[in-house]
Amino acid sequence: MIKAINLTHYYNKDKALENINLEINKGEFVCLIGESGSGKSTLLSNLSTLLKPTSGDIFYEETNYKNIKNIDSFRKENIGFIFQFHYLINYLTIKENIKLANEKASDDDISTFLNSLGINDLKNKYPTEISGGQRQRASIARALINNPKVIFADEPTGNLDSQNSQKVFEMFKDLSKKGTTIIVATHDKNLAQIANKIYEVKDGKINK
Ligand SMILES: Nc1ncnc2c1ncn2[C@@H]1O[C@H](COP(=O)(O)OP(=O)(O)O)[C@@H](O)[C@H]1O
Ligand SMILES: [Mg+2]
């Protein structure tokens, strides 16, 4: 579903990624692990269209990223993003935050959806009224409301305790079982064990 061929990324003259080759299949839950500065975020950002490779190619299904005409609508149609800090709007309830991501979703749709994620009881609360773990699950719900085919998450549990981190990864696992492709960058080797596939990034290369 996503394929990188000889992907190399430089920040000015500094090489961050060198000749990365990988292939991710539909419905796979993939973790990119590695120490801080190894290149995980750079790789995730290239795979998710946020950064452009210095050289090499990336494909989404049969489409080379270089040939995507409207990158905004491509992202909107296919991709969900989750970051370390949740970016929910504090002045809106969880339900309203989710509506912001998809104005077409009805209250019933949102309830059904939140129920399936086990967080429907939070829908009328404000982000400041719930725990960090609950906020992160709400932000995952927001990333999912448009039913993206692929989810990219960069250190999604970076500010969570181990119990909440585990819950977030279990949520990813369940989603992948339903066919969503999940690609997560994490420095946490233990959490990564739940994934179907682990790539270790070291000094901008993948250790096989
Ligand atoms: N915006 C940037 N400009 C310049 N160098 C960067 C930038 N982002 C990351 N780097 C460098 O690229 C390398 C890989 O960083 P990064 O992909 O953020 O690693 P990780 O996510 O594994 O911590 C590091 O040496 C980092 O300093
Ligand atoms: Mg990073």
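The name an unreviewed UniProt entry gives the protein chain is ABC transporter, ATP-binding protein, FtsE/LolD family, with Malaciobacter pacificus as the organism.

Once that is clear, we can look at a nonpolar patch on the surface. On the surface, a nonpolar cluster with roughly 310 Å² of combined accessible area is contributed by Leu50, Phe83 and Tyr87. By the secondary structure assignment, leucine 50 is in the loop between helix H1 (40-47) and strand S4 (55-60). Given a relative accessible area of 41%, leucine 50 falls into the partly exposed group.

Moving on to the nonpolar core. The biggest cluster of nonpolar side chains holds 35 residues, and the ones touching the most others in it are Phe29, Cys31, Phe169, Phe172 and Val184. At the level of secondary structure, the elements contributing two or more residues to this core comprise strand S3 (29-33), helix H3 (94-101), helix H4 (107-116), helix H5 (132-144), strand S7 (150-154), helix H6 (162-177), strand S8 (181-186) and helix H7 (189-192). Apart from residues no more than four positions distant in its own chain, phenylalanine 29 is found in contact with Phe169, Phe172, Lys173, Ser176, Ile182, Val184, Ile194, Ala195, Asn196 and Lys197. Counting 26 residues, the second-largest nonpolar core is a separate cluster that includes Met1, Ile68, Phe152 and Tyr199.

It is worth spelling out the pattern of salt bridges at this point. By the definition in use, this model includes 7 salt bridges. Across the salt bridge formed by aspartate 57 and lysine 66, the nearest N and O atoms sit 3.0 Å from each other. Relative accessible area serves as the criterion here: at 60%, lysine 66 is assigned to the exposed category. Each member of the salt-bridge network shares a partner with another, and the members are Lys15, Glu18 and Lys205.

Below, the discussion takes up the site of ligand 1. Near ligand 1 the following residues occur: Tyr11, Ala16, Glu35, Ser36, Gly37, Ser38, Gly39, Lys40, Ser41 and Thr42. One of the side-chain N or O atoms of serine 38 is found 3.2 Å from an oxygen atom in ligand 1. Serine 41 places a side-chain nitrogen or oxygen 2.8 Å from an oxygen atom of ligand 1. When the free accessible area of ligand 1 is taken as 550 Å², the share hidden by the protein chains comes to 54%. Counting residues per element, the shell around ligand 1 draws most heavily on H1, at 3 residues.

Each packed pair of helices is defined by two parameters, the angle between the axes and the distance between the axes. It is the contact of H3 with H5, at a shortest axis distance of 8 Å, that shows an interaxial angle of 30°. When the interaxial angle is binned, H3 and H5 end up roughly parallel. The element H3 and its partner H5 pack so that their crossing is right-handed. Residue-level contacts link Ile94, Asn97, Ile98 and Ala101 of H3 to Ala138, Ala141 and Arg142 of H5. Here the residues of the contact of H3 with H5 are counted per class, giving 5 nonpolar, 1 polar and 1 charged.

Moving on: the sheet that holds S4. As summarised here, the arrangement of the 4 strands in space is S2-S1-S4-S5, forming an open sheet in which the pairing is antiparallel. Strands with a single pairing partner mark the edges of an open sheet, and in this sheet they are strand S2 (14-24) and strand S5 (63-64). In this structure, strand S1 (residues 2-11) lies alongside S4, joined through 5 bridges in antiparallel fashion. Along S4, the bridge assignment pairs lysine 3 with phenylalanine 59. Packed onto the sheet, H1 meets S1, S2 and S4 and runs at close to 55° relative to S2.

Calculation notes
Along each chain, residue indices are assigned from 1 in the same order as the chain's sequence is written. Each chain is given a letter, starting from A, and each ligand a number, starting from 1, according to the order in which they appear as written. At least 70 in pLDDT is required for a residue's local features to be given in this predicted model, at least 80 for side-chain atom pairs to be given and counted, and no such filter applies to totals for whole chains, interfaces and linings, which use all residues. Processing note: side-chain calculations cover all non-hydrogen atoms of the structure and skip hydrogens and water entirely. Note that patches include only residues with greater than 30% relative accessible area and no salt bridge, and the join distances are 9 Å for like charges and 5 Å for nonpolar side chains (Val, Leu, Ile, Met, Phe, Trp, Tyr). Per-residue accessibility takes into account occlusion by the displayed protein chains alone, with areas from the Shrake-Rupley method and a 1.4 Å probe. We define a salt bridge as a side-chain nitrogen of Lys or Arg found within 4 Å of a carboxyl oxygen belonging to Asp or Glu. Where helices and strands are cited, they refer to DSSP runs of H or I of at least four residues and of E of at least two residues respectively, numbered from the N terminus. Per-residue accessibility, obtained with a 1.4 Å probe over protein chains only, is compared with the maximum for each type, and a residue is labelled buried under 20%, exposed over 50%, and partly exposed between these values. To define a nonpolar core, start from buried Ala, Val, Leu, Ile, Met, Phe, Trp, Tyr and Cys residues and group those joined through side-chain atoms within 4.5 Å. Pairs of residues are marked as contacts when any of their non-hydrogen atoms sit within 4.5 Å. Residues are classed as near a molecule or strand on a simple rule: at least one heavy atom within 4 Å of it. For this analysis, a polar contact is any N or O atom pair within 3.5 Å, provided that within protein one partner can donate a hydrogen and the other can accept it, and provided that sequence-adjacent residues contribute only side-chain to side-chain pairs. Lines fitted to the C-alpha atoms define the axes, with helices restricted to the stretch that makes contact. Angles between their N-to-C directions range from 0 to 180 degrees. If an angle is under 35 degrees, it is roughly parallel; if it is over 145, roughly antiparallel; if it lies from 65 to 115, roughly perpendicular; otherwise it is oblique. Crossings are classed by handedness, with left-handed meaning an anticlockwise turn of the near helix from the far one by less than a right angle and right-handed meaning a clockwise turn. Throughout, the ten residues Ala, Val, Leu, Ile, Met, Phe, Trp, Tyr, Cys and Pro are labelled nonpolar, Asp, Glu, Lys and Arg are labelled charged, and all others, Gly among them, are labelled polar. Pairing between strands is defined by DSSP: at least two bridges between the two strands are required.

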